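Summary of the model geometry
The residues making up each chain are set out below.
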Amino acid sequence: MDHRSELGAENIRGAGLMTLAMALFALEDMFVKQAAKALPVGEVLMLFGLGGMICFAALALASGQGLWHPAVASRLMGVKAGFEITGRLGYTLGIALTPLSNASAILQATPLVVVAGAALIFRERVGAARWVAVGIGFLGVLVILRPGLDGFVPAALWTVLGLLGFAGRDLATRAAPKVLTNFQLGFYGFAALIPAGGLILAVTGGAGVPAPATLLPVLGAVLFGVTAYWALTKAMRTGEVAVVTPFRYTRLLFALVLGILVFRESLDGATLAGAALVVASGVYTLLAGARRLKP
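Everything numeric in this text was worked out from a predicted model, so none of it was measured. (Residues numbered from 1 in each chain as written. Predicted model: local features only at pLDDT ≥ 70, side-chain atom pairs only at ≥ 80, totals over all residues. Heavy atoms only, no water.)

Along the chain, Thr 92 turns up in helix H3 (residues 75-97). Considered as a pair, Thr 92 and Lys 80 are 12 residues apart in the sequence and their alpha carbons are 18 Å apart. If we skip the residues at most four places from it in the chain, Thr 92 touches Val 32, Val 41 and Leu 45. (Helix = DSSP H or I, 4+ residues; strand = E, 2+ residues; numbered from the N terminus. Contact = heavy atoms within 4.5 Å.)

This is the structure in C-alpha cells:
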C-alpha cells in the first residue's frame, strides 16, 4: 500500500471513530443534563471526573500500563489539562443552563477552530476556500447566539468558552507524547474535571451527599463518557486533523434527536439556520480535505 492509500485508509478509520465518539458524547450530555436537575453542576462534574478516573485507571492497570510516566509532567500535558478544565467547565454549564440542542449546535464550531489551529500549529495545508468556510461557520454560531437581539441568552456564552477549551484540548491531544497511551490520557483528562467542578462549587455552593437514585444519571454519563473519550483520543491520533475532525458535526444530529425526544425541546428558525451554516462549512471542509488525497 502506497503512502497516499495508507493515509486514505487512516482517514476513513479516524472518521468512523469520530462518529462513534460523537454519538456517545451526545448520550453523555443527556445524562449530565439529567443529573444537573437533581445535583449542583459542580458536584456533577466532580463525580463524573472521579468515575471516569476510576474507569480509566482500571483499564490502564488491566492492560499492564502504569498510571504515571515522566511525560505526564510535560508542559504540553499541563496545557492539555488547562484546556480540558476550560472546555468541561464551560460546556457543562452550557448544557445545564440552556437547551441541549442549542448548546450542541454552538459546539459544532469546535472543528473549525481545530482546523484553523492545525494550519497554524501543525502547518497542515488549509487553502483560502477552507478559510472562508471557517468564517461562514463562525457566522453560523453568531446566528445561533443572536447577540444584541431579543433571543440572546447570555448563558449560551458558557458553551462558547467550552468549545474553545475543547478545540485546544484536541490540538494538544494530537501533539501529546506518543509514549502516553489512550487509557493514560483518559485518566488524566477526567482528573482535570475535579478541579473544574470545584471551581463551580466554590462560586455556587450547595454540595451535599447525593441520594443513590441521583447517582444513576452520573453513572450513565461516566460509562458513555469514558467510551467516547477513548474513541475521540484514538480518532485525533488517526489520519489528518483537517479530514477527521469535521465528523464532529454528527454530534449535532444525535443531540437534536435526544433534545426533542427526551427533553421535549423545540427548535427555532435561527438555531436551525445557524446550525445549517456551521454544518455546511464543515461538510465543505471535509470534501476539500478529501480531494487533496486523490491522485
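Turning next to the nonpolar core. Met 18, Phe 56, Tyr 91, Ile 106, Phe 190 and Leu 232 are the most contacted members of the largest nonpolar core, which totals 67 residues. Not counting residues within four places of it along the chain, the set of residues in contact with Met 18 comprises Leu 232, Ala 235, Met 236, Val 244, Thr 245, Phe 247 and Arg 248. Core analysis: the second largest hydrophobic core is formed by five residues, Ala 71, Val 72, Leu 180 and Leu 185 among them. (Core = buried A, V, L, I, M, F, W, Y, C linked by side-chain atoms within 4.5 Å. Buried < 20%, exposed > 50% of the residue type's maximum accessible area, 1.4 Å probe, protein only.)

With 93% of its residues at a pLDDT of at least 70, the protein reaches an overall mean of 85. Of all secondary-structure elements in the protein, the lowest mean pLDDT belongs to helix H11 (residues 241-244), at 74, while helix H2 (residues 41-62) reaches the highest, 92. (pLDDT = per-residue confidence, 0-100.)

Next up on the list: the packing of aromatic side chains. Considering all chains together, one arrives at eight aromatic pairs under this definition. Relative to Tyr 229, the ring of Phe 56 lies with its centre 6.0 Å away and its plane at 70 degrees, an arrangement referred to as edge-to-face. Placement of the pair is Phe 56 in helix H2 and Tyr 229 in helix H10 (residues 215-236), with a sequence separation of 173 residues. Here the aromatic cluster, defined as three or more aromatic residues joined through ring pairs, consists of Phe 48, Phe 56, Phe 183, Phe 190 and Tyr 229. Just above the ring of Phe 263 sits the side chain of Lys 33; from NZ or CZ to the centre is 5.8 Å. (Phe/Tyr/Trp six-rings, centres within 6.5 Å; stacked < 30°, edge-to-face > 60°. Lys NZ or Arg CZ within 6 Å of the ring centre and 35° of its normal.)

All right, on to the packing of H2 against H10 then. H10 packs onto H2 with a crossing angle of 50 degrees between their chain directions and a minimal axis gap of 9 Å. Considering the angle they form, H2 stands oblique to H10. Seen along the crossing, H2 lies across H10 with a hand that is right-handed. Contact residues: H2 offers Leu 47, Phe 48, Gly 51, Gly 52, Cys 55, Phe 56 and Leu 59, while H10 offers Leu 215, Val 218, Ala 221, Val 222, Gly 225, Val 226, Tyr 229 and Trp 230. The residue makeup of the contact of H2 with H10, split by class, is 12 nonpolar, three polar and no charged. (Axes fitted to C-alpha atoms, helices over the stretch in contact; angles between N-to-C directions. Parallel < 35°, antiparallel > 145°, perpendicular 65-115°, else oblique. Left-handed = near helix turned anticlockwise from the far one by under 90°. Nonpolar A, V, L, I, M, F, W, Y, C, P; charged D, E, K, R; others polar.)

It is worth spelling out helix H5 (residues 110-121) at this point. Here H5 is 12 residues long and its end C-alpha atoms lie 16 Å apart, about the 16 Å a rise of 1.5 Å per residue gives. Thr 110, Pro 111, Leu 112, Val 113, Val 114, Val 115, Ala 116, Gly 117, Ala 118 and Ala 119 are the residues of H5 that are buried. One or two residues past the end of H5 sits Arg 123, with phi positive at roughly 60 degrees. (Expected span 1.5 Å × (residues − 1).)

The next point concerns the packing of helix H4 (residues 100-107) against helix H12 (residues 250-263). For the pair H4 and H12, interaxial distance at closest approach is 8 Å and the crossing angle is 170 degrees. Here H4 is positioned roughly antiparallel relative to H12, judged by the angle of their axes. Residues Leu 100, Ser 101, Ser 104, Ala 105 and Leu 107 of H4 lie in contact with H12, whose contacting residues are Arg 251, Leu 252, Ala 255, Leu 256, Leu 258, Gly 259 and Phe 263. Classifying every residue of the contact of H4 with H12 by side-chain character gives eight nonpolar, three polar and one charged.

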